[in-house]
Amino acid sequence: MNIMPMPPQLVVVATTIHKLSILLFGYFIPALSSVKAVVHKDSEAYHQWSTYWLILHLYITILSPILHLTLHPIFQILAILWLSLPQYQGASVVYERIVVPWWTNT
């Protein structure tokens, strides 16, 4: 079974789309939503975005470099969306099920 390699131009396009998606959905939209929560004094949204930033930076500073835990680009985008979208509140799930029990046990 022969698998044809991707053309270099397609690799560049896919990489660019991946990086822009991470910037947009991982940083830009959450940053704007965080500012909106602070300006409108929305404590529930403020808590959600604070939790999101905490989980994101725990992954970036601890899990990724120490455990070399990296995901395929598509799974990175899906993880960022799950963590950041208010419908799913993935950051709250990670915080309540992993961070809080770990912190209280140490």
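Our subject is the structure listed above.
Residues numbered from 1 in each chain as written. Predicted model: local features only at pLDDT ≥ 70, side-chain atom pairs only at ≥ 80, totals over all residues. Heavy atoms only, no water.

Draft legend 1. Structural context of the overall build of the protein chain. Of regular secondary structure, the protein chain possesses 4 helices and 0 strands. When its helices and strands are written in sequence order, the protein chain yields α-α-α-α. The C-alpha atoms of the protein chain give 17 Å as radius of gyration, which overshoots the globular expectation for 106 residues (13 Å, by more than 25%). Long-range contacts, defined here as pairs at least 24 residues apart, represent 58% of the contacts in the protein chain between residues at least 6 apart. Here the protein chain has roughly 8,200 Å² of accessible surface; of this, 72% comes from carbon and sulfur atoms. (Helix = DSSP H or I, 4+ residues; strand = E, 2+ residues; numbered from the N terminus. Rg over C-alpha atoms; globule rule 2.2 N^0.38 Å. Contact = heavy atoms within 4.5 Å. Areas by Shrake-Rupley, 256 points an atom, 1.4 Å probe, with all protein chains shown as cover.)

Draft legend 2. Helix α3 (residues 73-84), seen in detail. For α3, spanning 12 residues, the distance from its first C-alpha to its last is 16 Å, which sits close to the expected 16 Å at 1.5 Å a residue. Every buried residue of α3 is accounted for by Ile80, Leu83 and Ser84. Seen from one end, α3 has its buried residues packed into an arc of 85 degrees, which puts them on one side. Turned more than 90 degrees off the buried face of α3, the exposed positions are Ile74 and Phe75. (Expected span 1.5 Å × (residues − 1). Buried < 20%, exposed > 50% of the residue type's maximum accessible area, 1.4 Å probe, protein only. Arc of directions from axis to C-beta.)

Draft legend 3. Spatial organisation of a nonpolar patch on the surface. Nonpolar side chains collect at one region of the surface, where Met6, Leu10, Val11, Val13 and Ile17 lie side by side and expose about 430 Å² of accessible area between them. Along the chain, valine 13 falls in helix α1 (residues 8-39). (Patch = residues over 30% accessible without salt bridge, like charges linked within 9 Å, V, L, I, M, F, W, Y side chains within 5 Å. Salt bridge = Lys/Arg side-chain N within 4 Å of Asp/Glu carboxyl O.)

Draft legend 4. Representation of the nonpolar core in the model. Of all hydrophobic cores here, the largest spans 12 residues; its members are Ile22, Ala37, Ala45, Trp49, Tyr52, Ile55, Leu56, Ile80, Leu83, Ala91, Val94 and Val99. Contributing elements (two or more residues each) for this core: α1, α2 (43-67), α3 and α4 (90-105). With 5 residues, the single largest contributor to this core is α2. Residues within four places of isoleucine 22 in sequence aside, it is in contact with Tyr27, Gln76, Ile77 and Ile80. (Core = buried A, V, L, I, M, F, W, Y, C linked by side-chain atoms within 4.5 Å.)

Draft legend 5. The packing of α1 against α3, seen in detail. Between α1 and α3, whose axes approach to 10 Å, the crossing angle comes to 15 degrees. The angle between α1 and α3 falls in the class roughly parallel. Between α1 and α3 lies a crossing of left-handed hand. The segment α1 lies against α3, with His18, Ser21, Ile22, Phe25, Gly26 and Pro30 engaging Pro73, Gln76, Ile77, Ile80, Leu81 and Ser84. Residues of the contact of α1 with α3, tallied by class, amount to 7 nonpolar, 5 polar and no charged. (Axes fitted to C-alpha atoms, helices over the stretch in contact; angles between N-to-C directions. Parallel < 35°, antiparallel > 145°, perpendicular 65-115°, else oblique. Left-handed = near helix turned anticlockwise from the far one by under 90°. Nonpolar A, V, L, I, M, F, W, Y, C, P; charged D, E, K, R; others polar.)

Draft legend 6. How the structure looks around unusual backbone geometry. For lysine 41, which is not glycine, the phi torsion reads 55 degrees and is therefore positive. Along the chain, lysine 41 falls in the loop between α1 and α2. Lysine 41 sits in the exposed class, given a relative accessible area of 73%. Its identity as a non-glycine residue notwithstanding, glutamine 89 has a phi of 50 degrees, on the positive side. Examined against the element boundaries, glutamine 89 turns out to sit in the loop between α3 and α4.

Interpretation in functional terms is not warranted from these geometric data alone.
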